[in-house]
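Each chain, written out:
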Amino acid sequence: MRWRHKDLLTIDQLSKEEIFYIFEVAKKFQEVNQRPIKKLPTLKGKSIILFFAEPSTRTKTSFDIAAKRLSADTFSLTKKGSSLEKGESLKDTALTLQAMNPDLIVIRHKDSGAPFFLSKMLKCGVINAGDGQHSHPTQALLDGFTLYSLWKEFENKTLLIVGDIKHSRVARSDIELFTKLGTKVRVCGPSTLLPKSIKKWPVEVYTDLEEACKGVDAIQCLRLQLERQTSGLLPSLREYSKRYGLKLKHLELANPDVKIMHPGPMNRGVEISDEVADFKDSIILDQVTSGVCIRMALLYIYLIPPVQKD
Amino acid sequence: MRWRHKDLLTIDQLSKEEIFYIFEVAKKFQEVNQRPIKKLPTLKGKSIILFFAEPSTRTKTSFDIAAKRLSADTFSLTKKGSSLEKGESLKDTALTLQAMNPDLIVIRHKDSGAPFFLSKMLKCGVINAGDGQHSHPTQALLDGFTLYSLWKEFENKTLLIVGDIKHSRVARSDIELFTKLGTKVRVCGPSTLLPKSIKKWPVEVYTDLEEACKGVDAIQCLRLQLERQTSGLLPSLREYSKRYGLKLKHLELANPDVKIMHPGPMNRGVEISDEVADFKDSIILDQVTSGVCIRMALLYIYLIPPVQKD
Amino acid sequence: MRWRHKDLLTIDQLSKEEIFYIFEVAKKFQEVNQRPIKKLPTLKGKSIILFFAEPSTRTKTSFDIAAKRLSADTFSLTKKGSSLEKGESLKDTALTLQAMNPDLIVIRHKDSGAPFFLSKMLKCGVINAGDGQHSHPTQALLDGFTLYSLWKEFENKTLLIVGDIKHSRVARSDIELFTKLGTKVRVCGPSTLLPKSIKKWPVEVYTDLEEACKGVDAIQCLRLQLERQTSGLLPSLREYSKRYGLKLKHLELANPDVKIMHPGPMNRGVEISDEVADFKDSIILDQVTSGVCIRMALLYIYLIPPVQKD
């Protein structure tokens, strides 16, 4: 494998081979995370900026842990108190950060496309940790890695994504990844929360959750942004939960051993019932564990790119 | 000593022997904190999450310094911007954190009992850094350690705790620790700020500060939460300060060399006068220094539990 | 060189020889910042508190990167959530921090003089990272270092500082540094934004920007605090920009190769036009890069003071 990418912006940019390469590296780090001494000197002397212009604890902590377990130094910036708040342009903020010679910038931003904009401007690598409604490639990779550990293959499998498909960067990145790897993808949600262009997407579309669940091997339940309610796109939380909240009865329609996923944080009782969240085949916490492994793998690959290995 | 505990939740759970063991370990780290190079490789590769759901700079910085002086990695989470704010349950937040394989979680929470709840759920160790009005064991340990360095013994001594006993987790934990070690404990405050159950506590109760001070060897002055004033439990700050603010005249009633303590931050001129705060036998800053040593000792003992030593 | 200073409070306290010594050390670190492994073990085991009681990402991140590249541990405190917010005095906060045995405290504070106050009280070193309208010595040092790398000498050169001279700690520190090194300094701004005492300062004063630009070798453009507008000191942003915004036409009046500087963050279109900000001889990003080198040099010199070297 020779790594061709300076940045990780979308899943689309990665080949199937590259995705599996990331999984292989993540697998090695999985073992490190179980050791009493969870630390390798691999990235000592590397500076990673975690620039989270949109709040996130989960993803930021996951990157931070991944970086420090590889001995890199991290520097956290939030929008609050940053120069962006003082009216500086994203371009100037980014060039300023680059002038401090970081080795990598991890960015989350509310504007779709912000990481692309940075990647063109900066010499150092950029990893997209979620941009607007557009893309969340590290989430898709950790979702894929979690199922890969269980399934060993992606073909002859069906994944269902339930919820607010329209506004979800997780849905977009998951669809890119799983279809590329050969898994059939279904989406299900109220028609107001499906994008207009959905017919052109490589997915089967459902508005009835029971129909959608029949014969699937995994279900990714999306977090419902509670503010959607006030936007007029939802009748009420109660109504949403009744029609699209995942319950035990749905799992019975799916294949045996159906895996339950959620990118978190969960609204229990809204998009997912307690019984489903705590179900024996819920792999929601495995996703979190995979997140650290995938991010260790990405930091490693992007900071010390493989030249000819394998 | 063989360490039996996964968690540190209250002083009550510790035996007298265990408390002295913690002091002995803290004593060794005291010397490290005076060196030009204040760092040991002891906890390298350990991940410690500092989860402060209630604001605190002093305690969090103390834990952070303690951890880094032992070469552990720390990850700070606050309620602000965390998933808790997005409506996630404490249980799910905790399970998510655990899924990232930390070695220890230090938690401060406004709800009494939150650390207990976590300790039952989590495989990794939990250290209570203050929960509601319930318990603040690391504060009591640092208070005990500070006096131990001076007194060498706890028997035949009297400690007075002055202020809002009712709402104070510091008072509760101090009482547990000092009575266990054989020190007599007195409490003093306006009757509105004494708990109803006070008569069952192993303390002597005073409402007159002058009486309370007679013959004591140390006085712990509690911070008055200024919001108590609006709750109707206090006549006025001025009145409180007049009756319960510690002044030089009180020290004259106490034993010679009476030690003055305060868990900080101080409201000078309210619960403590400038003269007393800056008194020659004020050990308020020694408490802060002890705090780092005690927390180094606890991180060390909980992360690398003694098996058979001593 | 034998280092005589415990603290860095103003440029005034430094001799010409000491300033050049700092530049020489910074030059060595410049090279480290270009390496793939940007880390030296020099300050391992040193604890540095970054106490930013006034928001700042740029300067704080610069110090944080500088410290970690030298293997020091850093501890960030902001006013928000600190004991200062709970009504603790600056003195008590500082003594508390000192009791945790840090090796150095870097402080930014909105009150002019706060770092001086601390320096007198604390045994550990204090570095002023900007106090009110008074002083910002590390900015002046990085400005000087940036021009030194290009000019090789400071004599026979003229620096123009444009903008709100009255409220600018950058202007004050730059004037102290550059006049000490032998550079002629001009200032230019509307008379409402010049201090009353300006006639006593060792600078040439202009209110006409075109006149001011004639024959200068470098121009430092100050950030206009947009809140000045509401204070009545400015007619309007548009008017300010028209008369004092730096544009290409001004550069033509200056010496060839005139260097353009800005301490950041820039208000493009207000105090500086896009063309000037992105001009071939704009060294605004070099200032940022120099900032890390200068701060590495200062941390090194203050934490491991030269005794007899050179």
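This structure is a prediction, so every number in the text was calculated from the model and none was measured.

## A short note on the pairing of strand β8 (residues 218-221) of chain A
Residues and elements named next belong to chain A.
In step 1: Across the two faces of β8 the burial is the same, with Ala218 and Gln220 and Ile219 and Cys221 all buried.
In step 2: Summarising the sheet, strand β5 (residues 158-162) and β8 pair through four bridges and their orientation is parallel. By the bridge assignment, Ile161 is partnered in β8 with Gln220.
In step 3: In terms of strand pairing, β8 meets strand β9 (residues 259-261) through three bridges, oriented parallel. Bridge assignment links Ala218 to a residue of β9, and that residue is Lys259.

## Re the side chain of His262(C)
All names here are of chain C.
In step 1: Relative to the helices and strands, His262 is located in the loop between β9 (259-261) and α10 (274-277).
In step 2: Overall, His262 belongs to the buried group, its relative accessible area being 1%.
In step 3: There is a polar contact of 2.7 Å between the side chain of His262 and the backbone nitrogen of Gly264.
In step 4: Not counting the four nearest positions on each side in its chain, His262 is found in contact with Gln220, Cys221, Leu222, Arg223, Glu271, Ile272, Ile284 and Gln287.

## Some remarks on the relation of the copies chain B and chain C
In step 1: Relative to chain C, chain B is turned by 120° and slid 0.0 Å along the rotation axis, the superposed coordinates differing by an RMSD of 0.0 Å. Here the two chains are linked by the operation of a three-fold rotation axis.

## Regarding the sheet that holds strand β5 (residues 158-162) of chain B
Residues and elements named next belong to chain B.
In step 1: With respect to topology, five strands assemble into an open sheet ordered β7-β6-β5-β8-β9, the strand pairing being parallel. Each edge of the sheet is formed by a strand with only one pairing partner; in this case those strands are β7 (204-206) and β9 (259-261). Averaged over neighbouring strand pairs, the angle between their axes works out to 20° when direction is ignored.
In step 2: Here β5 pairs with strand β6 (residues 184-188) via five bridges, running parallel. Bridge pairing links Val162 to Cys188 in β6.
In step 3: The sheet contacts of helix α5 (residues 137-151) involve β8 (218-221) and β9, and relative to β9 the element is tilted by about 165°.

## Let's talk about the state of the cysteines
All names here are of chain B.
In step 1: Overall, the coordinates contain zero disulfides over all chains when judged by the stated rule.
In step 2: Considering cysteine sulfurs only, Cys188 is the nearest to Cys213, which forms no disulfide, with 7.1 Å between them.
In step 3: According to the relative accessible area criterion, Cys213 is buried, its value standing at 0%.
In step 4: No disulfide involves Cys221; its sulfur sits 9.0 Å from the nearest other cysteine sulfur, which is in Cys213.
In step 5: Given the relative accessible area of 0%, Cys221 is considered buried.

## Points about the sheet that holds strand β7 (residues 204-206) of chain C
Residue and element names in this part refer to chain C.
In step 1: The sheet built from five strands is open, its strands ordered β7-β6-β5-β8-β9 with parallel pairing. Among the strands making up the open sheet, the edge pair consists of β7 and β9. Across the sheet, the axes of successive neighbouring strands diverge by a mean angle of 20°, strand direction being ignored.
In step 2: Docked against the sheet, helix α5 (residues 137-151) engages β8 (218-221) and β9, running at close to 165° with respect to β9.

## Regarding the packing of aromatic side chains
All names here are of chain B.
In step 1: All chains considered together, the criterion is met by 39 aromatic pairs over all chains.
In step 2: Look at Phe20 and Phe23: their rings are 6.0 Å apart centre to centre, the planes differ by 90°, and that puts the pair in the edge-to-face class. Of the two residues, Phe20 and Phe23 both sit in helix α1 (residues 16-32), three residues apart, roughly one turn of that helix.
In step 3: Overall, the relative accessible area of 23% leaves Phe20 in the partly exposed class.
In step 4: Of the residues examined, Phe23 reaches a relative accessible area of 0% and is grouped as buried.

## Description of the pattern of salt bridges
In step 1: This model, assessed by the stated rule, comprises 54 salt bridges over all chains.
In step 2: Of the charged contacts, one joins Arg4(B) and Glu18(B) as a salt bridge, the two residues approaching to 2.9 Å between their closest N and O atoms. Here Arg4(B) is found in the segment before α1, whereas its partner Glu18(B) is found in helix α1, with 14 residues between them in sequence.
In step 3: The exposed category is assigned to Arg4(B), whose relative accessible area is 56%.
In step 4: Exposure remark for Glu18(B): the relative accessible area of 2% places this residue in the buried category.
In step 5: Of the charged contacts, one joins Arg268(C) and Asp274(C) as a salt bridge, the two residues approaching to 2.8 Å between their closest N and O atoms.
In step 6: The partly exposed category is assigned to Asp274(C), whose relative accessible area is 40%.
In step 7: The structure contains a network of salt bridges with shared partners spanning Asp92(A), Arg268(C), Asp274(C) and Asp278(C).

Basis of the calculations
- Residues numbered from 1 in each chain as written.
- Chains lettered and ligands numbered in written order.
- Predicted model: local features only at pLDDT ≥ 70, side-chain atom pairs only at ≥ 80, totals over all residues.
- Heavy atoms only, no water.
- Buried < 20%, exposed > 50% of the residue type's maximum accessible area, 1.4 Å probe, protein only.
- Helix = DSSP H or I, 4+ residues; strand = E, 2+ residues; numbered from the N terminus.
- Pairing = 2+ DSSP bridges.
- Polar contact = N/O pair within 3.5 Å; in protein donor to acceptor, adjacent residues only side chain to side chain.
- Contact = heavy atoms within 4.5 Å.
- Least-squares fit on C-alpha atoms with pLDDT ≥ 70 in both.
- Axes fitted to C-alpha atoms, helices over the stretch in contact; angles between N-to-C directions.
- Disulfide = S-S within 2.5 Å.
- Phe/Tyr/Trp six-rings, centres within 6.5 Å; stacked < 30°, edge-to-face > 60°.
- Salt bridge = Lys/Arg side-chain N within 4 Å of Asp/Glu carboxyl O.

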